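Inside the fold
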Amino acid sequence: MRVLLLGGTTEASLLARRLAQDGVDAVFSYAGRTDAPVAQPLPTRIGGFGGPEGLAHYLADQRISHVVDATHPFAARMSRNAIVACAKAAVPLCGFERAPWASGPGDDWRHVADLAGAVAALPERPARVFLAIGRQNLDAFAAKAQHHYLLRLVDPPQGPLPLPDTTVVIARGPFTEPADRELLARHRIGLIIAKNAGGTGARAKLDAARALGIPVILIGRPELPPRLIARTVEEVMAFLAHPADLGV
Ligand code: 3Y8
Ligand code: NAP
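Residues numbered from 1 in each chain as written. Chains lettered and ligands numbered in written order. Predicted model: local features only at pLDDT ≥ 70, side-chain atom pairs only at ≥ 80, totals over all residues. Heavy atoms only, no water.

1. Side note on the side chain of Arg 98
Here Arg 98 shows up in the loop between β5 (93–96) and β6 (109–112). Classification of Arg 98 as buried rests on a relative accessible area of 11%. One polar contact links the side chain of Arg 98 to the main-chain carbonyl oxygen of Ala 197, over a distance of 2.9 Å. In this view, Arg 98 contacts Thr 9, Thr 10, Glu 11, His 72, Pro 73, Ala 197, Gly 198, Gly 199, Arg 221 and Arg 231; residues no more than four positions away in its chain are not counted. (Helix = DSSP H or I, 4+ residues; strand = E, 2+ residues; numbered from the N terminus. Buried < 20%, exposed > 50% of the residue type's maximum accessible area, 1.4 Å probe, protein only. Polar contact = N/O pair within 3.5 Å; in protein donor to acceptor, adjacent residues only side chain to side chain. Contact = heavy atoms within 4.5 Å.)

Take a look at the structure:
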């Protein structure tokens, strides 16, 4: 068995630890989005594969027997490429996905379908907004430049930001509710925009928002073609042991 683990999430790191503990022959893969990604307990490759064709070649060249896609739910292109490449290379694929967040008592969430929906949902009157979506999609919000934006980025921005009125915080999650509550209060945040990432690493700001009565605009996940999904490390290990048993 030789596993390719497409990573970049808390769940991927959890699975990497289990694979290393069990002595499974596995390779961890990062896209190379950040300057210094967290080290993993597995041999690690960094960078794209060169589209689905490049990934299919990688699978053959590296004699990969199983692929686990533990990328973020918004890493849709990687997930789509993995579906195409694994079908082409006849390599079993399993998505390791966390469930979307669901609101509870005290939450003031507004669900929008995508980034454009989040921009449209912003009020006209200037507000202080925690735009907690990272760096890659900030330019969409230039259409609403009247707001003050608090940005939390993994690495310092290389060039000018596409928004005129910002405060930038450099931090890598996972985050905690007390720290996020302090951040929201310190910056007098009145509204949060976030991706429905699910999982625990990005959840803190939503719990802090509930405690402070701050509304949240939550961006829905991109649609993916059907594929086998595991929700826990144990389900992934079962897939690796008997891919056929899980209806692959
Ligand atoms: C490069 C690896 C682990 C993984 C930890 C998770 C949790 C902490 C919370 C906020 C939201 C955001 C962002 C976020 C979180 C985890 C997880 C998660 C959100 C690292 C990492 C890589 C990335 C890429 C980065 C994106 C950005 C998104 C910041 C490492 C730290 C906003 C997503 O500067 C950039 O270009 C950053 C790009 C994709 C989204 C964007 O579009 O900007 N993640 N994040 C991975 C690679 O190269 O393959 O550097 O160590 C991993 C983690 N980030 O091992 O414990 O599992 O979700 N990541 C979002 O959810 O909205 C921050 O601030 O509250
Ligand atoms: P994306 O838009 O779906 O993918 C764009 C391209 O980046 C892919 O086609 C692939 O390049 C490369 N790529 C993506 N993930 C990769 C991986 N794990 N290993 C090797 N190449 C990868 O991806 P993204 O949204 O930028 O996310 C990039 C990474 O950040 C992923 O590891 C993801 O798990 C992590 N992350 C993303 C978010 C988010 O909000 N998007 C949040 C937290 C963590 P080629 O086509 O050349 O193969």
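2. Some points on the site of ligand 2
The local shell around ligand 2 holds 22 residues, among which Gly 7, Ser 29, Arg 33, Phe 49 and Lys 195 are the closest. Within the backbone of Phe 49, a nitrogen or oxygen atom sits 2.7 Å from an oxygen atom of ligand 2. Between Arg 77 and ligand 2, the recorded distance is 3.0 Å, taken from a backbone N or O atom to an oxygen atom. When the free accessible area of ligand 2 is taken as 810 Å², the share hidden by the protein chains comes to 83%. Elements with a minimum of two residues in the shell around ligand 2: β2 (26–30) and α3 (76–89). If one sorts the elements of the shell around ligand 2 by residue count, α3 sits on top with 4 residues. Of the residues contributing to the shell around ligand 2, the split by class is 7 nonpolar, 11 polar and 4 charged. (Near = heavy atom within 4 Å. Areas by Shrake-Rupley, 256 points an atom, 1.4 Å probe, with all protein chains shown as cover. Nonpolar A, V, L, I, M, F, W, Y, C, P; charged D, E, K, R; others polar.)

3. Quick notes on the sheet that holds strand β7 (residues 128–131)
With respect to topology, 6 strands assemble into an open sheet ordered β6-β11-β10-β7-β8-β9, the strand pairing being parallel. In the strand order of this sheet, the two ends are held by β6 and β9 (166–170), each with one partner. Put simply, the sheet's adjacent strands are angled 20° from each other on average, direction ignored. Across 3 bridges, the pairing between β7 and strand β10 (residues 191–195) is parallel. Bridge assignment links Leu 131 to a residue of β10, and that residue is Ile 193. (Pairing = 2+ DSSP bridges. Axes fitted to C-alpha atoms, helices over the stretch in contact; angles between N-to-C directions.)

4. Notes on the sheet that holds strand β4 (residues 66–69)
Read across the sheet, 6 strands follow the order β3-β2-β1-β4-β5-β12 without closing on themselves; strand pairing throughout is parallel. With one partner strand each, in any of the chains shown, β3 (44–46) and β12 (229–230) form the two edges of the open sheet. In the sheet, β5 pairs with β12 via 2 bridges, with the strands oriented parallel. Along β12, the bridge assignment pairs Gly 95 with Ile 229. Packed onto the sheet, α3 meets β1 (3–6), β4 and β5 and runs at close to 160° relative to β5.

5. Structural notes on the site of ligand 1
Lining the immediate environment of ligand 1, one finds 30 residues, of which Ser 13, Ala 31, Thr 34, Arg 98 and Arg 135 sit closest. With respect to ligand 1, the backbone of Ala 31 contributes an N or O atom lying 2.6 Å from an oxygen atom. Gly 32 places a polar main-chain atom, nitrogen or oxygen, 2.8 Å from an oxygen atom of ligand 1. In isolation ligand 1 exposes 1,100 Å². Once the protein is present, 93% of that is buried.

6. Some details on the packing of aromatic side chains
Here a ring pair, both rings aromatic, is described through the centre-centre distance and the interplanar angle of the planes. Applying the stated criterion across every chain yields a total of 3 aromatic pairs. Between the aromatic rings of Phe 28 and Tyr 30, the centroid separation amounts to 4.8 Å while the plane-to-plane angle is 65°, which identifies the pairing as edge-to-face. This pair shows no difference in class: Phe 28 is buried, exactly as Tyr 30 is. For the pair Phe 49 and Tyr 58, a centre-to-centre distance of 5.2 Å together with 65° between the ring planes defines the contact as edge-to-face. When sorted by exposure, Phe 49 lands in the same class as Tyr 58, which is buried. Arg 45 extends its terminal NZ or CZ atom over the ring of Tyr 58, reaching a point 5.4 Å from the ring centre. Lying across the ring of Phe 175, Arg 152 places its NZ or CZ 3.5 Å from the centre. (Phe/Tyr/Trp six-rings, centres within 6.5 Å; stacked < 30°, edge-to-face > 60°. Lys NZ or Arg CZ within 6 Å of the ring centre and 35° of its normal.)

7. Section: unusual backbone geometry
With omega at -5°, the peptide bond leading from Gly 173 into Pro 174 counts as cis. One can find Pro 174 in the loop between β9 and α5 (177–186). Positive phi, normally seen in glycine, also occurs at Arg 188, with a value near 50°. For Arg 188, the position within the fold is in the loop between α5 and β10. Given the relative accessible area of 58%, Arg 188 is considered exposed.

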